[in-house]
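# Secondary and tertiary structure notes
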Amino acid sequence: MSEELNEQERDSAFMHILGFNGYHTIEVNYSGSGDSGDIDSIHLLKYKEVFSYTSEVGKENIEDRIKEITDCEVWVRNKADRILEQIEDWWNNDGGQGQMVIQIPSGTYVIYNNINVTDTESHEHSGNFLNETEK
């Protein structure tokens, strides 16, 4: 009899598999402005090695890693997107950028979220329009 795991159990199992394979941290880098933002890169940090899931994967190992890359990248992107949508608005107006650092296998994370802000200075001046004369 096979029992299906719920989402939390699957996530926990996935993190433990990453840990058993020597990975200790996931770094998710993101940026945006205007009305859109996206995850720019995902890095899995392994003891004495770093493996990056970016838009381009090295051709020399793509056949060996395609399933692993697809599964892990999709999983991390989906989870990170849900979390990043709930924090301060980093994707609108002047935009922002940041990094989410996720510990393996605990899943605890810290987000370093930076929001770009354009300052506006306001000044008030008063006088009597009728008293303004040409000099």
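A few points on the structure. The shown structure was predicted, so the numbers you read here are calculated from the model rather than taken from an experiment.

Along the backbone of the protein chain there are two helices and four strands. Walking the protein chain from its N terminus toward its C terminus, one meets helices and strands in the order α-β-β-α-β-β. By the burial criterion, 27% of the 135 residues in the protein chain qualify as buried. A separation of at least 24 residues holds for 54% of the contacts in the protein chain among residues at least 6 apart in sequence. Accessible surface computed for the protein chain: about 10100 Å², of which carbon and sulfur atoms make up 48%.

This brings us to the side chain of Asn29. Locating Asn29 in the fold gives a position in strand E1 (residues 23-46). The buried category is assigned to Asn29, whose relative accessible area is 19%. Discounting residues that sit within four places of it in the chain, Asn29 has contacts with Ile39, Asp40, Ser41, His43, Gly98 and Gln99.

So, about the nonpolar core. Core analysis: the biggest nonpolar cluster contains 18 residues, and Met15, Leu18, Ile26, Val28 and Val76 have the highest contact counts within it. Not counting the four nearest positions on each side in its chain, Ile26 is found in contact with Met15, Leu18, Ile42, His43, Leu44, Trp75, Val76, Met100, Val101, Ile102 and Ile104.

It is worth spelling out the pattern of salt bridges at this point. Applying the stated criterion across every chain, the model contains four salt bridges. Close ionic contact of Arg77 with Glu73 constitutes a salt bridge, the shortest N to O distance being 2.9 Å. Within this pair, Arg77 and its partner Glu73 are both found in helix H2 (residues 62-84), separated by four residues, close to a single helical turn. When salt bridges that share partners are traced, they join Glu7, Asp11, Lys79 and Arg82 into one network.

Turning to the environment of Phe20, a few remarks are in order. As for its placement among the helices and strands, Phe20 is situated in helix H1 (residues 7-20). Judged by relative accessible area, Phe20 falls into the exposed class, the value being 73%. In this structure, the C-alpha to C-alpha distance between Phe20 and Ile104, residues 84 residues apart in sequence, is 9.7 Å.

The rules behind each value
Residues numbered from 1 in each chain as written. Predicted model: local features only at pLDDT ≥ 70, side-chain atom pairs only at ≥ 80, totals over all residues. Heavy atoms only, no water. Helix = DSSP H or I, 4+ residues; strand = E, 2+ residues; numbered from the N terminus. Buried < 20%, exposed > 50% of the residue type's maximum accessible area, 1.4 Å probe, protein only. Contact = heavy atoms within 4.5 Å. Areas by Shrake-Rupley, 256 points an atom, 1.4 Å probe, with all protein chains shown as cover. Core = buried A, V, L, I, M, F, W, Y, C linked by side-chain atoms within 4.5 Å. Salt bridge = Lys/Arg side-chain N within 4 Å of Asp/Glu carboxyl O.

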